Structures are given as structure tokens and as C-alpha cells.
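The primary structure of each chain is shown beneath.
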Amino acid sequence: MFAVVRTGGKQYRVAAGDKIVVEKLDGEAGASITLADVLLAGEGSELKSVEGLTVSAEIIAQAKADKVIIFKKKRRHNYRRKNGHRQQHTILKITAIGAQEKKAKAKKADAAPATAEAEAPAAQA
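Residues numbered from 1 in each chain as written. Predicted model: local features only at pLDDT ≥ 70, side-chain atom pairs only at ≥ 80, totals over all residues. Heavy atoms only, no water.

Let's talk about the environment of Gly 9
Mapped onto the elements of the fold, Gly 9 is located in the loop between β1 (2-7) and β2 (10-15). On the basis of relative accessible area, Gly 9 is assigned to the exposed category, the value being 74%. Each C-alpha atom of the pair Gly 9 and Glu 23 lies 8.5 Å from the other, and the pair is 14 residues apart in sequence. (Helix = DSSP H or I, 4+ residues; strand = E, 2+ residues; numbered from the N terminus. Buried < 20%, exposed > 50% of the residue type's maximum accessible area, 1.4 Å probe, protein only.)

Given below as C-alpha cells:
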């Protein structure tokens with residue numbers, strides 16, 4: 001199965017086990033993250049619904065790209081400027097493409113009746 005995800009203003013076609021280099025994301029090496037902005041998903045030539053679909057990934061490393069040299073010159077004006085830049089990026093390994101887990105909503109729903117039951121005996125006493 002493959003998916004097209006958007007992160008850092010760019011789009012990437014990914015499958016389970018792929019390694020991709022994206023714009024810098026927060027997190028330490030070894031942490032797992034979820035890419036929720038899935039634009040397209042499918043298997044082979046068939047497309048599937050992306051409703052609630054997420055892509056799980058593991059951060060392999062935080063790294064820097066190669067240095068880019070910016071050199072400005074105006075001839076016969078004694079004007080030269082040299083500057084450099086190294087873009088920071090994150091290397092990700094895609095672990096799974098699957099549905100979004102809804103455990104957080106279930107915990108909130110379970111917590112609400114528990115507080116109502118706790119208040120009822122207090123009101124009777």
C-alpha cells in the first residue's frame with residue numbers, strides 16, 4: 001500500500017519501510033510521529049479513501065543538508081559578499097500506513113460517566 005503525504009510544504013509518495021528526508025520536524029532520534037495530512041492512498045492501481053487515514057513514521061536522525069554558497073559580486077565596484085547556508089532536515093522511516101486510532105476520545109467518554117457516578121453518592125449524603 002502507498003500513500004501521498006504532505007509535510008513541510010512538499011508532497012512525498014511513501015510505502016511501509018521507505019526512508020524519506022523531509023523538512024525539520026520536532027522530536028528526537030528514535031521517536032515515532034504521525035503524519036495526518038494524507039492526500040492520496042492506494043494499493044496497486046486502485047485508490048482508497050483517505051478519510052481518517054494516517055501514516056506512522058520513526059525519526060531516524062536530525063541532520064543538515066550540504067552547504068550552499070551564496071556569492072554576490074558587482075564587477076568594477078569592489079563589491080563581493082559570500083554567505084553560506086545549511087538546511088536542517090529530518091530523516092524518517094515509514095513504519096505503517098493505517099487508520100487513525102481513536103483511543104483519546106474513548107478515554108474522555110469513559111471519564112465523564114465516572115465523574116457523574118462519583119458526584120451522585122456525594123449528593124445523597
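So that's the structure; there's more coming.
A short note on the nonpolar core
Among the nonpolar cores identified, the biggest contains 18 residues, and Val 5, Val 14, Ile 20, Ile 33, Val 55, Leu 92 and Ile 94 are the most heavily contacted of them. Elements supplying a minimum of two residues to this core: β1, β2, β3 (19-23), β4 (32-35), β5 (38-43), β7 (53-64) and β10 (88-99). Element by element, the count of residues in this core is highest for β7, at four residues. Beyond its immediate sequence surroundings of up to four residues, Ile 20 is in contact with Tyr 12, Val 14, Thr 90, Ile 91, Leu 92 and Ile 94. (Core = buried A, V, L, I, M, F, W, Y, C linked by side-chain atoms within 4.5 Å. Contact = heavy atoms within 4.5 Å.)

Observations concerning the packing of aromatic side chains
According to the stated counting rule, one finds zero aromatic pairs in the structure shown. Its guanidinium or amino end placed over the ring of Phe 2, Arg 13 lies 4.4 Å from that ring's centre, counting from NZ or CZ. Sitting above the plane of the Tyr 79 ring, Lys 74 keeps its charged end 5.3 Å from the centroid. (Phe/Tyr/Trp six-rings, centres within 6.5 Å; stacked < 30°, edge-to-face > 60°. Lys NZ or Arg CZ within 6 Å of the ring centre and 35° of its normal.)

Remarks on the pattern of salt bridges
Under the definition given, this model contains three salt bridges. Between Glu 23 and Lys 10 there is a salt bridge; the shortest N-O distance is 2.8 Å. With Glu 23 in strand β3 and Lys 10 in strand β2, the pair connects residues that are 13 residues apart, well separated along the chain. You can call Glu 23 partly exposed: its relative accessible area is 25%. When the shortest N-O distance is used, the salt bridge between Lys 48 and Glu 43 registers 3.4 Å. (Salt bridge = Lys/Arg side-chain N within 4 Å of Asp/Glu carboxyl O.)

Things to note about a nonpolar patch on the surface
A contiguous nonpolar surface patch, about 250 Å² in accessible area, is contributed by Leu 39, Leu 40 and Leu 47. The residue Leu 39 is located in strand β5 in this model. (Patch = residues over 30% accessible without salt bridge, like charges linked within 9 Å, V, L, I, M, F, W, Y side chains within 5 Å. Areas by Shrake-Rupley, 256 points an atom, 1.4 Å probe, with all protein chains shown as cover.)

Focus on the sheet that holds β10
Spatial strand order, β3-β10-β7-β4: four strands in an open sheet with antiparallel pairing. For this open sheet the edge positions go to β3 and β4, each flanked by a neighbour on one side alone. Averaged over all pairs of adjacent strands, the angle between strand axes in this sheet comes to 45 degrees, irrespective of strand direction. Relative to β10, β3 runs antiparallel, the two sharing five bridges. In the strand pairing of β10, Glu 23 is matched with His 89. (Pairing = 2+ DSSP bridges. Axes fitted to C-alpha atoms, helices over the stretch in contact; angles between N-to-C directions.)

With respect to the pairing of β10
Across 11 bridges, the pairing between β7 and β10 is antiparallel. Residue Leu 53 lies in a different strand from β10, and its bridge partner there is Ala 99.

Focus on the sheet that holds β1
On the basis of which strands lie adjacent, the open sheet formed by four strands has the order β2-β1-β5-β6 and antiparallel pairing. The two strands at the open ends of the sheet, each matched to only one other strand, are β2 and β6 (46-48). Each adjacent strand pair in this sheet contributes to an overall mean axis angle of 30 degrees, direction not counted. Alignment of β1 against β5, held across four bridges, turns out to be antiparallel. Following the sheet pairing, Val 5 is matched in β5 by Val 38.

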